[in-house]
Amino acid sequence: MSQRVLTTESGAPVADNQNSASAGVGGPLLIQDQHLLEKLARFNRERIPERVVHARGSGAYGHFEVTDDVTGYTHAAFLSEIGKRTEVFLRFSTVADSLGGADAVRDPRGFAVKFYTEEGNYDLVGNNTPVFFIKDPIKFPDFIHSQKRDPFTGKQEPDNVWDFWAHSPEATHQITWLMGDRGIPASYRHMNGYGSHTYQWTNDQGEAFFVKYHFKTNQGIRCLSTEQAQELAGKDPNSHQTDLLQAIERGVHPSWTLYVQIMPAAEAAEYRFNPFDLTKVWPHRDYPLQRVGRLVLDRNPDNVFAEVEQAAFSPNNFVPGIGPSPDKMLQGRLFAYADAHRYRLGVNHTQLAVNAPKATTAQNYGRDGFMATNAQGRHAKNYEPNSYDGPVETGRPLSAPLAVNGHTGTHEAPLHTKDDDFFQAGELYRLMSEEEKSRLVANIAGGLSQISRDDVIEKNLAHFHAADPGYGKRVEEAVRALRED
């Protein structure tokens, strides 16, 4: 079997890939060496801007199979019958660190699923926690700035982290999650995933429901202590990537069972918590989990850069039967995610293999731009309507319309009966065992005790006292003990 010929990017054969062309033996190199210049120029451009958040990630392909009938709630085609399978790509990630960060760190984990459905790609972008630190997207850049590297010191600063949290009492619930036992998953396989936001489902009759997604790991929850994580991060910074890659390669296919909580749209206004507040959960006793299907990962990407780094997830990629809710954080992300990908990857990033539809074909009038490959032939028009048999609108909305009223302006979210920033954080604390509480308090005190300003410490302590008096007292005593050492 003859070997294939190495060529330049223009297809010309390469005579020598070991030695650069020079002016005589040992002489200076020649600018006419097209192969050398092309290799160096490409090498300089092999990296693209990393994601501002969720930069450090791993991914895999698999499928989602429907196990239970949900057609009474949504007319989404990929959920239309029991046994139906849809190809998926799932990207896991840490949030705050850079592309070169370690996997085993105390940080939320991204859990982003791309369903390649016959009605187009559906992107469900969530985390491994059901809540988040803030409830309004206008605060998101400030929040991330407080968590990322300080512009002067060049490293993450506890003063910045806790100062922002001190002025953001709504973060107390997520802080209690993050500093608790589930703050550092042992692997991506051993954690749950959540849609986190509230979404809308619409059935064939036009009835609207609000839903929350829960992907429960079938491997069981496994987490690391702070000490275990520090040791693992030093031994293998790529621990979660290693685990996911090797598990799938040896035929151990991780899986999750998808459940949803379903709220009839008419009940949202009078629910005791604001159902569109990302810092709140819906208690299961109010809206029990209903099983939908099973997600399985069974194939590793062939190229991490092409398929994980260039994977682009956008919460505004809905399909018929699924749409947005008034969740403010979701509304902000409907723009921000897609815009981030246009910046990182270019306006035609949806044509990349990992992002392109697989069970259908994208048909629209978008043309040109950087790296365009969708010219569509000499007779295809780039405007609509037209008289040339181009694609046309369906006239059927993807989801039910959302009611709006009142005056424009910057409004706080309407208060529901239990809408404070501390009640659910206290509920979570009281659910914990004594050992879990002790570890939670130690993790929080370890960070707070490093803060240089007493007023920042006092503001944060007030939040924990408001969540639960015992919670606040224990954190306060632990902080005092560490600062006196």
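Refer to the structure presented above.
The model shown is predicted, which means the values in this text are computed figures rather than measured ones. (Residues numbered from 1 in each chain as written. Predicted model: local features only at pLDDT ≥ 70, side-chain atom pairs only at ≥ 80, totals over all residues. Heavy atoms only, no water.)

J.: Can you help me understand the packing of aromatic side chains in this one?
T.: Where two aromatic rings form a pair, the distance of their centres and the angle of their planes describe that pair. Taken as a whole and assessed by the stated rule, the structure comprises 32 aromatic pairs. Centre to centre, the rings of Phe 78 and Phe 115 are 5.0 Å apart; their planes meet at 40 degrees, and the pair counts as tilted. Residue Phe 78 is found in the loop between strand S1 (57-66) and strand S2 (85-94), and its partner Phe 115 is found in strand S3 (residues 109-117); the two are separated by 37 residues along the sequence. Each member of the pair, Phe 78 together with Phe 115, is buried. For the pair Trp 162 and Trp 165, a centre-to-centre distance of 4.9 Å together with 85 degrees between the ring planes defines the contact as edge-to-face. Here Trp 162 and its partner Trp 165 are both found in helix H3 (residues 158-166), three residues apart, which amounts to about one turn of the helix. On the accessibility criterion, Trp 162 (3% relative accessible area) is buried. (Phe/Tyr/Trp six-rings, centres within 6.5 Å; stacked < 30°, edge-to-face > 60°. Helix = DSSP H or I, 4+ residues; strand = E, 2+ residues; numbered from the N terminus. Buried < 20%, exposed > 50% of the residue type's maximum accessible area, 1.4 Å probe, protein only.)

J.: It is not clear to me how helix H12 (residues 469-484) should be interpreted in this structure. Could you clarify?
T.: Spanning 16 residues, H12 covers 23 Å between terminal C-alpha atoms, matching the ideal 22 Å at 1.5 Å per step. The set of residues buried in H12 consists of Tyr 471, Gly 472, Val 475 and Val 479. Seen along its axis, H12 keeps its buried residues to an arc of 90 degrees; they face one direction. Seen from the open side of H12, the exposed residues pointing more than 90 degrees away from its buried face are Pro 469 and Glu 484. Residues of H12 that are buried sit in contact with helix H4 (172-178), helix H9 (423-431), helix H10 (434-448) and helix H11 (454-467). The N-cap residue of H12 is Asp 468: its side-chain oxygen and the backbone nitrogen of Gly 470 are 2.9 Å apart. (Expected span 1.5 Å × (residues − 1). Arc of directions from axis to C-beta. Contact = heavy atoms within 4.5 Å. Polar contact = N/O pair within 3.5 Å; in protein donor to acceptor, adjacent residues only side chain to side chain.)

J.: What should I look at first to understand the pattern of salt bridges in this one?
T.: Per the stated rule, a full pass over the model turns up 26 salt bridges. Of the charged contacts in the structure, one is a salt bridge between Asp 286 and Arg 272, with a shortest N-O distance of 2.4 Å. A residue pair is termed long-range when its members are at least 10 positions apart, and Asp 286 in the loop between strand S8 (255-264) and strand S9 (290-299) and Arg 272 in the loop between S8 and S9 qualify at 14 residues. Judged by its relative accessible area of 26%, Asp 286 falls in the partly exposed class. For Arg 272, a relative accessible area of 22% gives the class partly exposed. Each member of the salt-bridge network shares a partner with another, and the members are Lys 135, Asp 277, Lys 280 and Asp 421. (Salt bridge = Lys/Arg side-chain N within 4 Å of Asp/Glu carboxyl O.)

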